[in-house]
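Examining the three-dimensional arrangement
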Amino acid sequence: MTKVLIVEDNEMNRDMLSRRLQRKGYEIEIAVDGQAGLDAATTGNPDIVLMDMSLPIIDGWEATRQLKANPATQAIPVIALTAHAMAGDRQKALDAGCDDYDTKPVNLASLLEKMEQLLNSR
């Protein structure tokens, strides 16, 4: 079963996304801030990370940079999930090390397609 780490501080977003992905057959792990996300990625060995960019403690930008700098976690694909939809935000996420970018509210079909592309290219 594919393990997805959802790093999201908003309870409603986290619950909605985790339920929808579980119904699609994914195993879900949750982290509610950037530091917890780094810890979970290091110890939990997820297949992919869905990273909110506006997080407490360590924001998603810095958490992604740290994940990609760590040899133990650098190969894990990271998709930025953010309400930041301004020009340049996609590039900012990619520059931080994200492998892809999606905006909130989440379009599940689009997100699943991006996830499968990254998981299949791994």
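Read on for a plain summary of the structure. Since we're looking at a predicted model, the values are computed, not measured.

Turning our attention to helix H4 (residues 89-96). Those residues of H4 lying buried are Asp89, Ala93 and Ala96. All buried residues of H4 lie within an arc of 60° about the axis, which places them on one face of the element. Residues of H4 that are buried in the fold lie against helix H3 (60-69), strand E4 (78-82) and strand E5 (100-103). Just downstream of H4, Gly97 is the residue with a positive phi angle, here 115°.

A few words now on the sheet that holds strand E2 (residues 27-31). Ordered in space as E2-E1-E3-E4-E5, the 5 strands form an open sheet in which the pairing is parallel. The strands lining the two open edges of the sheet, one partner per strand, are E2 and E5. In this sheet, neighbouring strand axes are inclined to one another by 20° on average, regardless of whether the strands run parallel or antiparallel. Pairing of strand E3 (residues 48-52) with E4 involves 4 bridges; the strand directions are parallel. For Asp52, the partnering residue across the bridge sits in E4 and is Leu81. The strands touched by H3 within the sheet are E3 and E4, with E3 carrying the most contacts at an inclination of about 155°. Against the sheet, helix H5 (residues 108-121) touches strand E1 (3-7), E3, E4 and E5, its axis set at about 170° to E5.

For E4, the tally of buried residues reaches 5 of 5 residues, placing the bulk of the element in the interior. Side chains Val78, Ala80 and Thr82 project from E4 onto one buried face, and the interleaved Ile79 and Leu81 project onto a second face that is buried too. For the segment spanning E3, H3 and E4, crossover handedness is right-handed. In the sheet, E4 pairs with E5 via 4 bridges, with the strands oriented parallel. What sits directly across from Ile79, in E5, is Asp100.

Let us look at the nonpolar core. Leu5, Val7, Val49 and Met51 are the most contacted members of the largest nonpolar core, which totals 21 residues. Mapped onto this core, the elements with two or more residues apiece are E1, helix H2 (34-44), E3, H3, E4 and H4. Core analysis: the next-biggest nonpolar cluster, separate from the first, contains 17 residues, Leu17, Ile28, Ile48 and Val106 among them.

The rules behind these values
- Residues numbered from 1 in each chain as written.
- Predicted model: local features only at pLDDT ≥ 70, side-chain atom pairs only at ≥ 80, totals over all residues.
- Heavy atoms only, no water.
- Buried < 20%, exposed > 50% of the residue type's maximum accessible area, 1.4 Å probe, protein only.
- Helix = DSSP H or I, 4+ residues; strand = E, 2+ residues; numbered from the N terminus.
- Arc of directions from axis to C-beta.
- Contact = heavy atoms within 4.5 Å.
- Pairing = 2+ DSSP bridges.
- Axes fitted to C-alpha atoms, helices over the stretch in contact; angles between N-to-C directions.
- Right-handed = clockwise from strand over helix to strand, strands pointing away.
- Core = buried A, V, L, I, M, F, W, Y, C linked by side-chain atoms within 4.5 Å.

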